[in-house]
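Listed below are the residues making up each chain.
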Amino acid sequence: MATIAGLFLASVFTVTLPENMLSSLKVSEVHLASAGIIGTALALVLSLSVVPAQKAADFFSSAVLRLYARDRTTLGVFTLLSCAALISLLFGTGWAFSVSARYTLAFQLVLLGTSLDALRIFYNRALNLLDPATALSLVRSECERHVARTSNDIEQLVRIHQSAGDDGAIARYALHTRSNLSAILNGWTTQLEEFAHKGVTRRDTQAVTAIVRTMAHIGEKYCDVRRNSMFLIPDFSGGMPTEISDIGTVLNPIYESIKRICEDAAKQANEAVVQECLVTLGNMAAHAMTMVHTSDLRRTTPLAFSPVFYIAHCAKVAIPVGMEDALLSAIEGTRKVFAKISIDTDTQAVEAEALDVLFAIAASSYTRQASPSCFRSVEMMLRAAQHDIRVRGYRDVDSLVGVVLSNIAALMPLEAVVDMAGQRRLQTFPPYSLGFEANIPTLLLEIAKRVKPVEDDRSWINPFDEFNEASKTIVHHYRDVAEKVKFEGVLLEKWVVDSIIKAAEVHIYLLDNPPANGEQFLDTVDDHLRWFLHAPAFFFREKAAFPYHHASEACSDLALLGMALLQRGLLESAEACGEAIRSIARDSAMAQSSRSYTSAYGFADCVVKLDLLARAADALGRTTSAATFRSHASRPDDITDERWPEYVEAVATRTRQMERELRERDREFRIRPDPIATLREILRQQSVTHPVA
C-alpha cells in the first residue's frame, strides 16, 4: 500500500510541481532525511530479527537458527532497505547523474513507500518465524531440497549406466546407499524429536502434532525417491535370517521417535498428541503398503510391518490411561492397511499384526467398560475379513476369516459376562448383529456369491469347495462358542442362534441358485447345511435361568427352515431341523422353572413346532418324515412319572392354541415369520393342487 501511495504522490509531484519552486527546494536535505528514515527502518529490522532468532535458539536448535539466518524474506528486506538507504545517500550528495531534481524527488517518494512496505513485510515474517509451524516448514523444505538434489545427482549418474546397457536399478541402489542423505534426514529426525519433547513439556499440542506430521512427510518423501531402488538384504541379527530394506535406516528412527513422543504425551495425559501419533503411523502404514518389492517368486511390502508394529505399541501405551479417541484412531489406521491389500501381493504378516492390534484393543475394553472401542475393533476385524474375501476369495490356509473367528470366539466369554452385567442394553455384538453389514452370515454370503460355474473341460471339480470349507470353519466357530461360553440366558445367546439360522438360509440360497452345471455337486452343500441345522441344539444348555422364549423362537425358526426344506424335497435336512428342535425341547424340560415360566410349557412350546413340521410333511406327502417328527415329540427319559402329566397338559394346551391360530386365517399381526402361517399356506396350496373329492 505504501508503494502505491508513493507512486501516486510521485506522479502528482512530477506533473504538478512548478519549475520556479524547484530552485527553492532543499533537495539534498530531503534525500539525506530520507536516507536517515530508511536507515532507521534497517536498524529496526536488524533489531527485530534477533527476536525469532532467540526463539529458535531456545525452543529449537542451532540448525534451525541457521535456517532462520538464511530466510529469503529477511535477506530480501535487508537487501532492499540497504540499497534504498545507499541510493538516498547518493542523491543527498548531489550526485544525481544529471537527472532533474523533479524526478529524483519523485523516485525518493517511491523508495520511501517501498521501504515502508518492506518493513511491514518483515514484521509479518517476524511474527511467522515466532510460530513453530514456520520452523517446521523450513525444516520440511530443507529436507525436500536435500532429497531432490541427491535424487537428481543419482539419476544423472544412473543415466550414464543405462547408456551402457544396465537397467539402472542396481546402480541407483548402490548410489543411494553410499550417499549421506540418510544421515542428514536422521539428523533432522533427532532434532524434531527433541523439539517435540519440549513441546510436550510446554503442552504445545499444536506444535507437537505438526512435528509428528513433518517426520512422516520426510519419511514418505524419502520412500518415494527410493521406490524404484528397493532391494532386500538378509539380516542375521535376530538369529534367523530375515530380509530387510536399507530404506529402514531412515524410517525406523522416525518410528522410534514417534513412539517416544507418544509415550511422553501419554505420561502428560495429552491425548491429542497420542491420537496424532497413531493417525500418522496409520498414514505411514498405508503409504508403506504401496512400496511393493517384486522378486522372481512373489511380491511383498517389506516396509509395511514396522509402522503397524508401532501402532500396536502406541495403542498399548494408550490403553492403560484410557485414551478412547486415540484407540479409535489406531483402529482407523488398521483400516487403511486392510484397504491396501491386493490379490497379487503377500501382506500376510502385516495383516496378522493389524488383527493383533484390533484384538488387543477389543480385549482390553472389557476391563475399562469401553464398548465403543470394543465394537469398533471387532467391526474392523469383520470388515477386514469381508474385504479379504472380496479381493482374494476364501482360502483354507491363510484366509483372514479363520483368524477373525478365532479372535471373536476368544472374546465371547468376556462379552457374555458384560451382557449379564447389563452393559449391553440396546447393543448387539457385531459378529451376530444382523443389522451389521459384515456379520458372520454376510461373510458366508460373500463367499457364496463367488461360486463360479463349472468349466466344461474341468467338470469333475466341485465349484462349492471354497464355500464348503468356509462353511465348515464357521460352523466350528459356533460350536466352539457353544462349548466355551456360559450364556446364563442372556440376550447374546439369542443373537448367536439367529445368526446361525441366517447362515443356514445362505446355504438354501445357494441350493436354489446353483452356478451353471453345478447341480451335480449340490449334495455337498446340503451336507454342510445340516451342520448348521444341528448347531442351535448346542446352545440353550442352561439349567437355571433357562431362556424359554429364546428357545421357542429358535425352534420356530428351525420349523420354518424345515418346512422350506420339505417343499424342496430335502428330507434329510428337514429331519435335521426336527432333531435340533427335539434336543432344545429336552434341554428346556430338564431346566429349572423360573418365576414367570415353567419348564413344562417351555417343553411344550418346542414340541408343538414338531407337530407343525409333521402336519406340513403329511400335507406334502412325506409320511416317513412326518412319523419321524412325531417320534421326536415323545417323552424324554429324564422326566419322571410324577411330572409327566404336567408336561402332557402343557403340550395339549399349546396344541389347542396352535389349532385356534391355524383356523384364524392370518388375523394376528406378527413381526417375525410364523411357522403356523407357513403351515397354513402349505395346506392351502395342497388343497388347491389336490382338492378333496
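Structural data are supplied above this passage.
Thresholds, definitions, all that
- Residues numbered from 1 in each chain as written.
- Predicted model: local features only at pLDDT ≥ 70, side-chain atom pairs only at ≥ 80, totals over all residues.
- Heavy atoms only, no water.
- Phe/Tyr/Trp six-rings, centres within 6.5 Å; stacked < 30°, edge-to-face > 60°.
- Helix = DSSP H or I, 4+ residues; strand = E, 2+ residues; numbered from the N terminus.
- Buried < 20%, exposed > 50% of the residue type's maximum accessible area, 1.4 Å probe, protein only.
- Contact = heavy atoms within 4.5 Å.
- Polar contact = N/O pair within 3.5 Å; in protein donor to acceptor, adjacent residues only side chain to side chain.
- Salt bridge = Lys/Arg side-chain N within 4 Å of Asp/Glu carboxyl O.
- 1 Å grid on protein atoms, 1.4 Å probe; cavity = no way out; pocket = protein on both sides within 12 Å on 5 of 7 lines; lining within 4 Å.
- Points joined across faces, edges and corners; volume = space filled by probe spheres on them.
- Nonpolar A, V, L, I, M, F, W, Y, C, P; charged D, E, K, R; others polar.
- Patch = residues over 30% accessible without salt bridge, like charges linked within 9 Å, V, L, I, M, F, W, Y side chains within 5 Å.
- Areas by Shrake-Rupley, 256 points an atom, 1.4 Å probe, with all protein chains shown as cover.

1. Some details on the packing of aromatic side chains
Logical step 1: Applying the stated criterion across every chain, the model contains 14 aromatic pairs.
Logical step 2: Their ring planes at 55° and their centres at 5.1 Å tell us that Tyr 173 and Phe 231 sit as a pair that is tilted. Highlighted residues: Tyr 173 in helix α8 (residues 169–178) and Phe 231 in the loop between α10 (205–225) and β1 (232–235), separated in sequence by 58 residues.
Logical step 3: For Tyr 173, a relative accessible area of 18% puts it in the buried group.
Logical step 4: The exposure class assigned to Phe 231 is partly exposed, which follows from its relative accessible area of 28%.
Logical step 5: On the basis of an interplanar angle of 15° and a centroid distance of 6.4 Å, the ring pair of Trp 644 and Tyr 647 is categorised as stacked. Linking Trp 644 with Tyr 647, this pair stays in helix α26 (residues 644–663), spanning three residues, or about one helical turn.
Logical step 6: With a relative accessible area of 21%, Trp 644 lands in the partly exposed category.
Logical step 7: On the basis of relative accessible area, Tyr 647 is assigned to the buried category, the value being 0%.
Logical step 8: In textbook terms, an aromatic cluster arises when at least three aromatic residues are bridged by ring pairs, as seen for Phe 375, Phe 429, Tyr 432, Tyr 478 and Phe 532.

2. Brief notes about helix α18 (residues 440–449)
An α-helix turns once per 3.6 residues; consequently, residues spaced three or four apart project the same way.
Logical step 1: Buried residues dominate α18, accounting for seven of its 10 residues.
Logical step 2: Lining the buried residues of α18 we find α16 (371–392), α17 (400–420), α19 (465–484), α20 (491–512) and α21 (522–534).

3. A short note on the side chain of Asn 270
Logical step 1: With respect to the helices and strands, the residue Asn 270 is situated in the loop between α11 (248–267) and α12 (271–288).
Logical step 2: Polar side-chain contacts of Asn 270 include one of 3.1 Å to the side chain of Thr 205.
Logical step 3: Residues in contact with Asn 270, not counting those within four places in the same chain, are Arg 203, Thr 205, Ala 265 and Met 323.

4. A few points about the side chain of His 507
Logical step 1: Mapped onto the secondary structure, His 507 falls in helix α20.
Logical step 2: Note on His 507: relative accessible area 0%, which makes it buried.
Logical step 3: Filtering out sequence-adjacent residues up to four positions away, His 507 remains in contact with Leu 444, Phe 467, Ser 471, Val 525, His 528, Leu 529 and Phe 532.

5. Observations concerning unusual backbone geometry
Logical step 1: Of note in this structure, Ala 269 is not a glycine but carries a positive phi near 60°.
Logical step 2: Residue placement: Ala 269 occurs in the loop between α11 and α12.
Logical step 3: By relative accessible area, which is 55% here, Ala 269 ends up exposed.
Logical step 4: Although it is not a glycine, Glu 488 sits at a positive phi angle of roughly 55°.
Logical step 5: Within the secondary structure layout, Glu 488 lies in the loop between α19 and α20.

6. Overview of the pattern of salt bridges
Logical step 1: Evaluation of the coordinates by the stated rule reveals 38 salt bridges.
Logical step 2: Linking Arg 172 and Glu 155 is a salt bridge whose minimum nitrogen-to-oxygen distance equals 2.8 Å. Of the two residues, Arg 172 sits in helix α8 while Glu 155 sits in helix α7 (residues 132–163), which places them 17 residues apart along the sequence.
Logical step 3: Of the residues examined, Arg 172 reaches a relative accessible area of 7% and is grouped as buried.
Logical step 4: Between Glu 466 and Arg 450 there is a salt bridge, with the nearest N and O atoms lying 4.0 Å from each other. Pair noted here: Glu 466 is in helix α19 and Arg 450 is in the loop between α18 and α19, with a separation of 16 residues, a long-range link.
Logical step 5: Salt bridges here are not isolated pairs; linked through shared partners, they connect Glu 193, Glu 256, Lys 259 and Arg 260.

7. A closer look at empty space enclosed by the protein
Logical step 1: Evaluated as defined, the whole model comprises two cavities of 30 Å³ or more.
Logical step 2: Of the volumes computed, that of the largest cavity is approximately 40 Å³.
Logical step 3: What lines the largest cavity is simply Gly 219, Glu 220, Cys 223, Leu 251, Tyr 255, Met 284, His 287 and Ala 288.
Logical step 4: When its residues are assigned to classes, the lining of the largest cavity shows five nonpolar, two polar and one charged.
Logical step 5: If you go around the second largest cavity, the residues you meet are Ser 365, Tyr 366, Gln 369, Ala 370, Ser 371, Val 418, Gln 423 and Arg 424.
Logical step 6: Each residue belonging to the lining of the second largest cavity can be placed in one class, and the counts come to three nonpolar, four polar and one charged.

8. Quick look at a nonpolar patch on the surface
Logical step 1: Taken together, Phe 8, Leu 9 and Val 12 make up a surface patch of nonpolar side chains, about 290 Å² in accessible area.
Logical step 2: Residue Leu 9 is classed as partly exposed on the basis of its relative accessible area, which comes to 47%.

Nothing here speaks to function; it is geometry throughout.
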